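Residue-level listing of the chains:
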Amino acid sequence: MKIKEAKFICSNTRADLCPTTTLPEYAFIGRSNVGKSSLINMLTNHLKLAKTSSFPGKTQLINHFLINEEWYLVDLPGYGWAKVSKDSREAWRKMINFYLKKRPNLACVFVLIDSRLPAQKVDLEFIELLGTMGVPFVLIFTKTDKQSAPKTDSNIAAFMQVLKESWEELPTMFKSSSTSKEGREEILSFIEEINKR
Ligand code: GTP
Ligand code: MG
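The chain appears in an unreviewed UniProt entry as Probable GTP-binding protein EngB from Nibribacter koreensis. The UniProt entry for the chain carries the following text under Cofactor (unreviewed entry): "Mg(2+)". UniProt annotates the chain under Function (unreviewed entry) with the comment "Necessary for normal cell division and for the maintenance of normal septation."

So this is what it looks like as structure tokens:
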């Protein structure tokens, strides 16, 4: 799919204040610093559409970006950063739960997982939550440029092995790198297919 236009629409803390629309939207979520905002910039070919930082916790709001006037990408704040207070964690939980429940146009959630790490409890818990809520999702293993391809593949296989313990069917997954652009075509084609439905 060709990205002809990508524009920032709005930032909100509340799902009921997000754009009223029937256009499909795709939300990016995962641990703080996993590369959600960077991946949005990579997919849209914009260096600075979504704000990124080497310090975790950069994205704090629900950010809507309209692509080709046809669909939305949504950048969400991350979870799992140890230095976050209990109150902030609870506020995040409420915001995300409300968002997941209140967006009937939510076509798919992309759960970003750091491809360098063994399966993390917070990621597994979040995937479990999506399953419980019946939200469609796929996995994206990020930062593949930071290690060898065999290492990425063995980490992904280990992650999937853990998922097999509780899921009958394994989710679709992609590998990505915001620097090498691995995964760009595959992820955009996936979105294009869903948009056609
Ligand atoms: P929060 O908004 O804090 O939840 O983080 P985020 O998930 O949006 O991460 P962000 O895109 O801001 O990236 C975090 C850091 O990782 C930045 O320093 C990025 O440059 C770096 N980064 C993100 N993706 C990649 C990647 O694919 N490869 C490499 N080498 N670095 C990456
Ligand atoms: Mg971010």
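K.L.:
Describe the site of ligand 1, listing the residues and the values that go with them.
P.N.:
Neighbouring ligand 1 are 23 residues; Gly35, Ser38, Thr52, Thr59 and Gly78 lie closest to it. The element contributing the most residues to the shell around ligand 1 is helix 1 (residues 36–44), with three residues.

K.L.:
Provide a residue-level description of helix 2 (residues 86–102), including the pertinent values.
P.N.:
Helix length check: helix 2 (17 residues) gives 24 Å between terminal C-alpha atoms against 24 Å at 1.5 Å per residue, within 8%. Among the residues of helix 2, those classed as buried are Ile96, Tyr99 and Leu100. Taken end-on, helix 2 shows its buried residues confined to a sector of 95°, consistent with a single buried face. Pointing more than 90 degrees away from the buried face of helix 2 are the exposed residues Lys86, Asp87, Glu90, Lys94, Lys101 and Lys102. Buried residues along helix 2 sit in contact with strand 3 (62–67) and helix 3 (121–133).

K.L.:
Quick rundown of the sheet that holds strand 2 (residues 25–30)? Include the residues and the values.
P.N.:
The strand order across the open sheet built from seven strands is 1-3-4-2-5-6-7, with neighbouring strands paired in mixed fashion. The open sheet has two edge strands, strand 1 (6–12) and strand 7 (173–175), and neither has a second partner. Averaged over all pairs of adjacent strands, the angle between their axes in this sheet comes to 25°, without regard to strand direction. Note: strand 2 against strand 4 (residues 71–75), four bridges, orientation parallel. Residue pairing for strand 4: Glu25 is matched across the bridge by Tyr72.

K.L.:
Any details on the environment of Asn195? Residues and values, ideally.
P.N.:
Looking at the secondary structure, you find Asn195 in helix 5 (residues 184–196). On the basis of neighbour counts, which here come to 16 C-beta atoms within 10 Å, the residue Asn195 falls in the partly exposed class. Considering only alpha carbons, one finds Asn195 and Thr52, 143 residues apart in sequence, at a separation of 27 Å. Asn195 has contacts with Pro24, Glu70 and Trp71, leaving out every residue within four places of it along the chain.

K.L.:
Please set out the confidence of the model for the chain residue by residue, giving values where relevant.
P.N.:
Residue-level pLDDT values for the chain average 96, and 100% of them are 70 or greater. What the predictor reports for the complex is a pTM of 0.97 with an ipTM of 0.99.

Rules of the game
Residues numbered from 1 in each chain as written. Chains lettered and ligands numbered in written order. Predicted model: local features only at pLDDT ≥ 70, side-chain atom pairs only at ≥ 80, totals over all residues. UniProt positions renumbered as here; feature names shortened; annotations may be inferred. Near = placed C-beta within 6 Å. Helix = DSSP H or I, 4+ residues; strand = E, 2+ residues; numbered from the N terminus. Expected span 1.5 Å × (residues − 1). Buried ≥ 20, exposed ≤ 12 C-beta atoms within 10 Å, placed from the backbone. Arc of directions from axis to C-beta. Contact = placed C-beta atoms within 7 Å. Pairing = 2+ DSSP bridges. Axes fitted to C-alpha atoms, helices over the stretch in contact; angles between N-to-C directions. pLDDT = per-residue confidence, 0-100.

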